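Chain by chain, the residues run as shown.
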Amino acid sequence: MYGVDVAKWICAVAQVFPQLAVAAYLYFVGETAYAFAIAGLVLPQLYYIKMLLLVDPVANDIAFQTSCQPFFFLGLVATALCMGQHDWAV
């Protein structure tokens, strides 16, 4: 529908933007350590997006997913640990 060039940018934005939004939210509610941890976990993802996804998304699909997903899931774990310790998150 979109083609490879548009799809690779949609994939990159859809992966990184929500994580940065959560990091910004946690920063503004006073959870700076978790916010910086999540933002730090985005940095390797940006590197792999630039080196693998944007160069050739079809050829580097598996390498991109295996490189980025651990950092993405660690960000999810960091968010869950942060939210789990607050009553306002329920």
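Structural data are supplied above this passage.
Since we're looking at a predicted model, the values are computed, not measured.

Parameters at a glance
- Residues numbered from 1 in each chain as written.
- Predicted model: local features only at pLDDT ≥ 70, side-chain atom pairs only at ≥ 80, totals over all residues.
- Heavy atoms only, no water.
- Helix = DSSP H or I, 4+ residues; strand = E, 2+ residues; numbered from the N terminus.
- Buried < 20%, exposed > 50% of the residue type's maximum accessible area, 1.4 Å probe, protein only.
- Contact = heavy atoms within 4.5 Å.
- Salt bridge = Lys/Arg side-chain N within 4 Å of Asp/Glu carboxyl O.
- Disulfide = S-S within 2.5 Å.
- Phe/Tyr/Trp six-rings, centres within 6.5 Å; stacked < 30°, edge-to-face > 60°.
- Axes fitted to C-alpha atoms, helices over the stretch in contact; angles between N-to-C directions.
- Parallel < 35°, antiparallel > 145°, perpendicular 65-115°, else oblique.
- Left-handed = near helix turned anticlockwise from the far one by under 90°.
- Nonpolar A, V, L, I, M, F, W, Y, C, P; charged D, E, K, R; others polar.

Novice: Outline the overall build of the protein, supporting the account with residue identities and numerical values.
Specialist: Along its length, the protein carries three helices and zero strands. Reading the helices (α) and strands (β) of the protein from amino to carboxyl end gives α-α-α. Principal axes of the C-alpha set define a box for the protein whose edges measure 45 × 25 × 20 Å. Per-residue burial over the protein gives 29% buried out of 90 residues. In the protein, of all internal contacts separated by at least 6 residues, the share reaching a separation of at least 24 is 62%.

Novice: Mind laying out the pattern of salt bridges, listing which residues take part and the relevant values?
Specialist: Under the definition given, this model contains one salt bridge. Two residues, K8 and D5, come together in a salt bridge whose shortest N-O distance is 3.6 Å. Placement of both K8 and D5 in helix α1 (residues 4–28) is noted, with a separation of three residues, approximately one turn of the helix.

Novice: Help me get a handle on the state of the cysteines, residues and values and all.
Specialist: Scanning the model with the defined rule gives zero disulfides in all. Among the cysteines around C11, which has no disulfide bond, C68 carries the closest sulfur, lying 8.3 Å off. A residue is classified by how much of its surface remains accessible, and C11, at 27% relative accessible area, is partly exposed.

Novice: Give a description of the packing of aromatic side chains that names residues and reports values.
Specialist: Evaluated as defined, the whole model comprises five aromatic pairs. Note on Y27 and F36: the rings are 5.9 Å apart at their centroids and 65° apart in plane angle, and the pair reads as edge-to-face. Given the relative accessible area of 42%, Y27 is considered partly exposed. Look at F36 and you get exposed, because its relative accessible area is 55%. With centroids separated by 5.3 Å and ring planes inclined at 70°, the aromatic side chains of Y47 and Y48 adopt a geometry described as edge-to-face. The class of Y48 is partly exposed, set by a relative accessible area of 24%.

Novice: Explain the packing of helix α2 (residues 32–53) against helix α3 (residues 61–84) to me, and be specific about the residues and the numbers.
Specialist: Packing of α2 against α3 brings their axes to within 9 Å, and their N-to-C directions diverge by 170°. Overall, the two elements α2 and α3 adopt an arrangement that is roughly antiparallel. The interaxial crossing formed by α2 with α3 has left-handed handedness. Contact with α2, carried on its side by Y34, I38, L41, P44, Q45, Y48, I49, L52 and L53, involves A63, F64, S67, C68, F71, F72, L74, G75, A78, T79, L81 and C82 of α3 and no other residues of that element. The residue makeup of the contact of α2 with α3, split by class, is 17 nonpolar, four polar and no charged.

None of this, on its own, says anything about what the molecule does.
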